[in-house]
Amino acid sequence: MKEQKLGFGCMRLPVLDASDPTSFDYEMIERLFDRFLEQGFTYFDTAYTYHGYQAEKAVKKALVDRYPRERFVLATKMPLRDFKDGEDLERIFAEQLENCGVDYFDFYLLHNMGHNVYDKCCKYHAFDFVKKKKDEGKIKTVGMSFHDMPELLEEILEKYGDRLDFVQLQINYIDWEQPNVQSRRCLEIANKYQKPVIVMEPCKGGTLVNVPKEAEELMKAYHPKDSVASWAFRFAASQKGVIRVLSGMNSMEQVLDNTGTFQNFKPLDEGEYEVIRKVAEIINQKTAVPCTACEYCTHGCPKKIAIPQYFALYNSVMLTTGSFSSQQVYYNNTVLNNHGKASECVGCGKCEQACPQHLPIREYLEKVKEKFEGESIFTVRK
Ligand code: SF4
Ligand code: SF4
């Protein structure tokens, strides 16, 4: 069977209660997985930390327990922010095999590599650890998901490239030249070291699905039948060295649209790149906070501030010209649901250390506060 480039990202699986990431909607998840496999795709990407540390178990239930092992390709990741020492690497890895109900992982990644965890990885030999697991037959292919500057990527590949078979990078047409991500330069470095690339965040957490109207019109004028999302996937999959592109699908419509894009995959041509350049300009002008909603920042926040939700509301307000009463209601409801207000931030900076996009979260929360906590409209839990 032809190897397909689309992978099923299990970071945003369907849930029954939006405020509880562990309330999996198994009926829906199984339908999505089944259809994805029926369409000729096999790659599933999860992680120890996704969905409140329960995603691996959900993947076991919805996939591993229902299909023969050779029917799917499974990827998961070692949480670099969580492990404490070498023993902990062993403990977590053993737990992951059990969580997933497998004897080996097809792909295994050091998760969210960046300057904040790199020294710890060197000190406790995390690169040697994954290589050892590969030698033991517990991992077939070893890599890392990388969220930092190109200089660090180069340093790691220079030093530890012999332990890594591939790298996972954030590549999309908005981050291509963004100073805080630099997709293009990171990709060039991966190419230089001949490391195949798996793409994460090809739609930048949904930003490239819900684009401003003028941007959508440009794409529809060029290809009336193609979805907005298909442009983002084709951009990512067209780049040199890319072997897979992940998509966190949570509806049947997305599964059908994305699998259709990849079954009939065509790399972008010059005319299409030109459309994308214009679309990127429009989006960049309109996106106030370039957050991907990954939620890494919320884990250690002492005030339980719903950072990505507040940023999404703020972005949506900045795109509107009139009243923003519905966003205000969402903001108030989120606070009533026991999340800290933006103004309750104590400035500890833990969120910024965890943010793979390197966003100045505290500064943005100030803007959120100004927008949603004006005296006249903000009346809850003062
Ligand atoms: S700086 Fe503010 S938002 Fe960030 S973790 Fe600390 S309290 Fe939470
Ligand atoms: S602020 Fe950063 S860490 Fe938090 S959800 Fe957005 S991109 Fe992720």
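Here's what I pulled together on the structure shown here. (Residues numbered from 1 in each chain as written. Chains lettered and ligands numbered in written order. Predicted model: local features only at pLDDT ≥ 70, side-chain atom pairs only at ≥ 80, totals over all residues. Heavy atoms only, no water.)

1. As for the layout of surface pockets
Where empty space is left can be seen by rolling a probe of water-molecule size over the atoms. In this structure, the second largest pocket spans a volume of roughly 340 Å³. In this structure, the second largest pocket is lined by 17 residues; those nearest its centre are Arg81, Asn116, Val117, Gln353 and Ala354. Partitioning the lining of the second largest pocket into residue classes produces six nonpolar, seven polar and four charged. (1 Å grid on protein atoms, 1.4 Å probe; cavity = no way out; pocket = protein on both sides within 12 Å on 5 of 7 lines; lining within 4 Å. Points joined across faces, edges and corners; volume = space filled by probe spheres on them. Nonpolar A, V, L, I, M, F, W, Y, C, P; charged D, E, K, R; others polar.)

2. Description of the site of ligand 1
In the vicinity of ligand 1 there are 13 residues, among which Cys301, Cys345, Cys348, Gly349 and Cys351 approach most closely. Those elements that place two or more of their residues in the shell around ligand 1 are helix H15 (350–354) and helix H16 (361–372). Here the residues of the shell around ligand 1 sort into nine nonpolar, two polar and two charged. (Near = heavy atom within 4 Å. Helix = DSSP H or I, 4+ residues; strand = E, 2+ residues; numbered from the N terminus.)

3. Description of the sheet that holds strand S5 (residues 139–146)
Pairing in this closed barrel of eight strands is parallel, and the strands run S1-S2-S3-S4-S5-S6-S7-S8 around the ring. With strand direction ignored, the average angle separating the axes of adjacent strands in the sheet is 30°. Sheet topology places strand S1 (residues 6–9) next to strand S2 (residues 43–45); three bridges connect them, and they run parallel. Counted as the bridge partner of Gly9 is Asp45 from S2. Strands S1 and S2 of the sheet are contacted by helix H1 (residues 26–38), whose axis makes an angle of about 170° with S1. Sitting on the sheet, helix H7 (residues 150–160) is in contact with strand S4 (105–113), S5 and strand S6 (166–170), with an inclination near 150° to S5. (Pairing = 2+ DSSP bridges. Axes fitted to C-alpha atoms, helices over the stretch in contact; angles between N-to-C directions. Contact = heavy atoms within 4.5 Å.)

4. Considering the pattern of salt bridges
Summed over the entire model, instances satisfying the criterion amount to 29 salt bridges. Between Asp128 and Arg163 there is a salt bridge, with its nearest N and O atoms 2.9 Å apart. Residue Asp128 is found in helix H6 (residues 126–135), and its partner Arg163 is found in the loop between H7 and S6; the two are separated by 35 residues along the sequence. For Asp128, a relative accessible area of 35% corresponds to the partly exposed category. Salt bridges here are not isolated pairs; linked through shared partners, they connect Glu90, Lys132, Lys133 and Glu136. (Salt bridge = Lys/Arg side-chain N within 4 Å of Asp/Glu carboxyl O. Buried < 20%, exposed > 50% of the residue type's maximum accessible area, 1.4 Å probe, protein only.)

5. Observations concerning the nonpolar core
Ranked by size, the top nonpolar core spans 91 residues in total, and within it Phe8, Met113, Met144, Ile156 and Tyr173 carry the most contacts. No other element matches helix H10 (residues 228–237), which puts eight residues into this core. (Core = buried A, V, L, I, M, F, W, Y, C linked by side-chain atoms within 4.5 Å.)

6. Re the site of ligand 2
Near ligand 2 there are 13 residues, and of these Cys291, Cys294, Glu295, Cys297 and Cys355 occur at the shortest range. Class assignment for the residues of the shell around ligand 2 results in 10 nonpolar, two polar and one charged.

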